[in-house]
Amino acid sequence: MIICLAANPSVDRLFEVERLVKGDIHRPSSFVQVAGGKGLNVARAAKALGGDVCAVALLRGHSGRWLQEALAAEGVEGEFVWTHGENRSSLSVADRETAGLTEFYEHGAVAPEAAWVELTHAAATRCRPGGWLTISGSMPRGAPDDGYRDLIAEERGTGVHVALDAEGERLSVALAARPDVVKLNVAEASELLGVPTARRDDSLAAASKIRDMAGGDGHAGIVTRGAEGVILAAPDGTLYEGRLYVRGRYPVGSGDSFLAGLVTALDGGAGWDDALRLALGAGAANAELPGAARLDPSRAEALAQQADVHLL
């Protein structure tokens, strides 16, 4: 089973407008709303791809009830911890004329320490040896800086595989617990390492360095490069490069869908090359539809067959 931790979920909205003009009133030509935040995006995409998934999320108030109902409508099983306040919301505005995207993300309310303890206990209770735990995105304000680290250490100690997609200080702290997979984009990798990572050679070095920081042998480091593809430093030290020459208009959630594809394939027994293909296919399929992680699984599989994945 794949357990997807969503510590700071969000009601995610996407507006499309013909042209975004600062200071003007805009009437969206289309609108999509999904149960979002990175953790729930991973859960939704993994479920669509055929994974056996459970989302473990911190929910609050009326917005939390909407998130719960939205996940149930999509067939995503959930284990929920409730606390006071409301879940945050996020807004993306797509400009049809320029194909640009403007995004607004709330921080979210402070979470009591007891809620964090209950959330991590819920995740641990659901995890099984040999299965996967994905830890994606931000932690709520009030959660301990070492919260991800302690959860990773506990679960890896029981034989659970852990995939981490985070940033900032909490990423740096969490790496000490040696997650099995660390997936970062070029900006996150640059922040972690303190060096540029956008160029191909820099991304190659960054993926290997991230693998080393996560524990070296037996661990994987991944740097996603947007339209330029992805670099994977596999657990045995092998370097892979992957690209898919397909572009969509809706990139929000593509990184989460990538992680969902990777973990779903690995959980099903695939090798790293095939897992990377499905990850690329899922990320690209996500970008073709409005609303994060609302991908068409058959399209993701078709795109995976088109992915160029090779050893370096």
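Above this text you will find the structure in question.
This one's a predicted model, so the numbers in the text were calculated from it and none came from an experiment.

Student: Would you explain the overall build of the protein chain in this entry?
Tutor: Within the protein chain, the secondary structure is distributed over ten helices and 14 strands. Expected size for 312 residues packed as a compact globule is a radius of gyration near 20 Å; at 18 Å, the protein chain falls within 12% of this value. Looking at the protein chain residue by residue over its 312 residues, the buried ones come to 53%. Relative to all contacts within the protein chain whose residues are 6 or more apart in sequence, the contacts with residues 24 or more apart total 65%. Split by element, the accessible area of the protein chain, about 13000 Å² in all, is 50% carbon and sulfur. If you average the places of the 30 positive and of the 42 negative side-chain charges in the protein chain, the two averages end up 3 Å apart.

Student: What is the right way to read unusual backbone geometry from this model?
Tutor: With glycine set apart, most residues show a phi of negative sign, and most peptide bonds adopt trans. Non-glycine residue Ala99 carries a positive phi angle of around 65°. Ala99 sits in the exposed class, given a relative accessible area of 62%. Despite not being glycine, Ala293 shows a phi value in the positive range, around 60°. Along the chain, the position of Ala293 falls in the loop between helix H9 (272-287) and helix H10 (297-306).

Student: What is the right way to read the sheet that holds strand E2 (residues 10-17) from this model?
Tutor: The pairing of strands in a sheet comes from backbone hydrogen bonds and takes either a parallel or an antiparallel form. Spatial ordering of the open sheet is given by E3-E2-E6-E7, a layout of four strands whose pairing is mixed. With partners counted over all chains shown, the strands left at the sheet margins are strand E3 (30-36) and strand E7 (101-105), one partner each. Neighbour-to-neighbour, the strand axes of this sheet turn through a mean angle of 15°, independent of strand direction. As defined by bridge partners, E2 adjoins strand E6 (residues 88-95) across eight bridges and the pair is classed as parallel. Within E6, the position partnered with Ser10 by the bridge is Arg88. Set on the sheet, helix H1 (residues 38-48) makes contact with E2 and E3; between it and E3 the angle comes to about 95°.

Student: I tried to follow the sheet that holds strand E13 (residues 239-243) on my own but got confused; where do I start?
Tutor: On the basis of which strands lie adjacent, the open sheet formed by ten strands has the order E5-E4-E1-E8-E9-E10-E11-E12-E13-E14 and mixed pairing. Whereas interior strands pair on both sides, the edge strands pair on one side only; in this sheet they are strand E5 (77-83) and strand E14 (308-311). On average, adjacent strands in this sheet sit at an angle of 15° to one another, irrespective of strand direction. Along the sheet, helix H3 (residues 113-126) makes contact with strand E1 (2-6), strand E4 (53-60) and E5, crossing E5 at roughly 165°. In this fold helix H7 (residues 200-213) packs onto strand E10 (181-185), strand E11 (220-224), strand E12 (230-233) and E13, with an angle of close to 150° to the strand it touches most, E11.

Student: How do you make sense of the packing of helix H8 (residues 254-267) against H9 when you look at a structure like this?
Tutor: Axis angle and axis distance: for two packed helices, these are the angle between their axes and the distance between the axes, and together they describe the pair. Running from N to C, H8 and H9 cross one another at 145°; their axes reach a closest spacing of 7 Å. Of the two possible hands of crossing, H8 and H9 adopt the one that is right-handed. Every residue of H9 that contacts H8 at Ser254, Ser257, Phe258, Gly261, Leu262, Ala265 and Leu266 is listed here: Trp272, Ala275, Leu276, Leu278, Ala279, Leu280, Ala282, Gly283, Asn286 and Ala287.

Student: Explain the side chain of Thr197 to me, please; I cannot follow it from the model alone.
Tutor: Considering the arrangement of structural elements, one finds Thr197 in the loop between helix H6 (186-193) and H7. Thr197 gets classed as buried once you look at its relative accessible area, which sits at 2%. Setting aside residues no more than four positions away along its own chain, Thr197 makes contact with Val186, Ala189, Ser190, Asp202, Ser203 and Ala206.

Student: I would appreciate a short explanation of the packing of H3 against helix H4 (residues 147-157) in the present structure.
Tutor: Two elements in contact, H3 and H4, have axes whose closest approach is 11 Å; the angle formed by their N-to-C orientations is 25°. For the element pair H3 / H4, the angle class is roughly parallel. Regarding H3 and H4, the two cross each other, and that crossing is right-handed. Contact with H3, carried on its side by Trp116, Thr120 and Ala124, involves Gly147, Tyr148, Leu151, Glu154 and Glu155 of H4 and no other residues of that element. Here the contact of H3 with H4 is built from residues that sort into four nonpolar, two polar and two charged.

How each quantity is defined
- Residues numbered from 1 in each chain as written.
- Predicted model: local features only at pLDDT ≥ 70, side-chain atom pairs only at ≥ 80, totals over all residues.
- Heavy atoms only, no water.
- Helix = DSSP H or I, 4+ residues; strand = E, 2+ residues; numbered from the N terminus.
- Rg over C-alpha atoms; globule rule 2.2 N^0.38 Å.
- Buried < 20%, exposed > 50% of the residue type's maximum accessible area, 1.4 Å probe, protein only.
- Contact = heavy atoms within 4.5 Å.
- Areas by Shrake-Rupley, 256 points an atom, 1.4 Å probe, with all protein chains shown as cover.
- Lys, Arg positive; Asp, Glu negative; His and termini not counted.
- Charge placed at Lys NZ, Arg CZ, Asp CG, Glu CD.
- Pairing = 2+ DSSP bridges.
- Axes fitted to C-alpha atoms, helices over the stretch in contact; angles between N-to-C directions.
- Left-handed = near helix turned anticlockwise from the far one by under 90°.
- Parallel < 35°, antiparallel > 145°, perpendicular 65-115°, else oblique.
- Nonpolar A, V, L, I, M, F, W, Y, C, P; charged D, E, K, R; others polar.

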